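These are the residues of each chain, in order.
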Amino acid sequence: MDTRTPLATIVVAVDGPSGSGKSSVSREVARRLGLRYLDTGAMYRAMTWWMLHNGVEVTDAVAVAAAADKPELVSGTDPSGPTITVDGIDVAGPIRGPEVTGSVSAVSAVPEVRTRLVAMQRAVIGSGGIVVEGRDIGTVVAPDAALKVYLTASEAARAARRNAESDDPATDVNATQADLARRDALDSGRATAPLTLAADGLLVDTTEMDRDQVVEHLLGLVARAVDGGSAVAAGAPEPAGEALR
Ligand SMILES: Nc1ncnc2c1ncn2[C@@H]1O[C@H](COP(=O)(O)OP(=O)(O)O)[C@@H](O)[C@H]1O
Ligand SMILES: Nc1ccn([C@H]2C[C@H](O)[C@@H](COP(=O)(O)OP(=O)(O)O)O2)c(=O)n1
């Protein structure tokens, strides 16, 4: 029996640490396949922005839990222009700032925050046709996803990628790496839905790959997972065995 999934209903789960390429690769894969795209990290960032904006002490888990159902979040899923609003305010810019980045792991560790956002994420996923990226998509949000990918890269490579995004040439790569390591430790060490490779997830180490190679690799993996795979895979090389678990 062919158990493969139609492309129109597929869920592709992409997890991994900061700077592994989740957002850029997931967006491009979704765009190329005509799928929707959901950045769940943006939702945790938007929740954190709302807490900071409304005077909630983000290190106080009880206060965060009490406020977790208040912000109204809306995520737009067009991969060519994903959007995120909180209470009708476009927060796409502010959620990438240092205040939110410094507090998002604490807010994300609060179970009430996760319960609410996971429910919203499942509602957006609906009947599928979407690439969803985050930290717990393959393990918690969509454990039945037809394809689960865990992107990673060395800490130095991820820090260099993040640093290259900065407008300020004086940004210190060591400070970036330290901040990234701190967030990785918090996201991987928390009690609820820690960042981890799903038992049936495919580990893809992108340290030595450029972004386009990773996109092509994932397109090949999607092709293997869906009905009519060869049509999807036209032009995409066979996935490299050594990059897979
Ligand atoms: N394989 C790659 N090689 C080099 N740079 C990459 C690669 N994948 C992504 N990037 C770049 O690295 C930065 C971080 O990627 P991003 O997709 O935001 O990662 P994540 O969502 O996992 O934090 C972006 O500027 C992106 O364009
Ligand atoms: N599914 C998710 C997605 C993100 N998070 C948390 C943990 C992350 O440090 C923050 C921000 O995620 P985001 O993907 O925007 O972070 P990076 O782009 O990788 O720096 O949100 C989470 O706990 N679960």
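Predicted model, so just to flag it, every value in this text is computed and none were measured.

1. With respect to the sheet that holds strand β4 (residues 83-86)
With respect to topology, three strands assemble into an open sheet ordered β3-β4-β5, the strand pairing being antiparallel. At either end of the open sheet lies a strand with only one pairing partner, and these are β3 (73-76) and β5 (89-90). For β4 and β5, the ladder comprises two bridges, and the chain directions are antiparallel. Opposite Val86, over in β5, you have Ile89 as the bridge partner.

2. Describing the site of ligand 1
Ligand 1 sits among 17 residues. The nearest are Gly21, Lys22, Ser23, Ser24 and Arg161. For the shell around ligand 1, the secondary-structure elements that each account for two or more residues are α1 (22-33), α7 (155-164) and α9 (211-225). The element best represented in the shell around ligand 1 is α1, accounting for four residues. Among the residues forming the shell around ligand 1, the class breakdown is three nonpolar, eight polar and six charged.

3. Regarding the confidence of the model for the protein chain
Regions with low pLDDT carry predicted coordinates that are not meant to be interpreted in detail. Chain-level pLDDT for the protein chain is 92 on average; 91% of the residues reach the 70-or-more range. With pLDDT under 50 throughout, residues 233-245 is counted as low confidence; its partners more than four residues away or in other chains account for 22 contacts. At the level of chain-chain contacts, confidence expressed as ipTM amounts to 0.98, with global pTM at 0.93.

4. A short note on the site of ligand 2
Around ligand 2, a shell composed of 15 residues is seen, among which Ser18, Gly41, Tyr44, Ser108 and Gly134 lie nearest. Contributions of two or more residues to the shell around ligand 2 are made by α2 (40-53), α4 (98-108) and α8 (173-189). A per-element tally of the shell around ligand 2 places α2 first, with five residues. For the shell around ligand 2, the residue count by class is three nonpolar, seven polar and five charged.

Thresholds applied
- Residues numbered from 1 in each chain as written.
- Chains lettered and ligands numbered in written order.
- Predicted model: local features only at pLDDT ≥ 70, side-chain atom pairs only at ≥ 80, totals over all residues.
- Pairing = 2+ DSSP bridges.
- Helix = DSSP H or I, 4+ residues; strand = E, 2+ residues; numbered from the N terminus.
- Near = placed C-beta within 6 Å.
- Nonpolar A, V, L, I, M, F, W, Y, C, P; charged D, E, K, R; others polar.
- pLDDT = per-residue confidence, 0-100.
- Contact = placed C-beta atoms within 7 Å.

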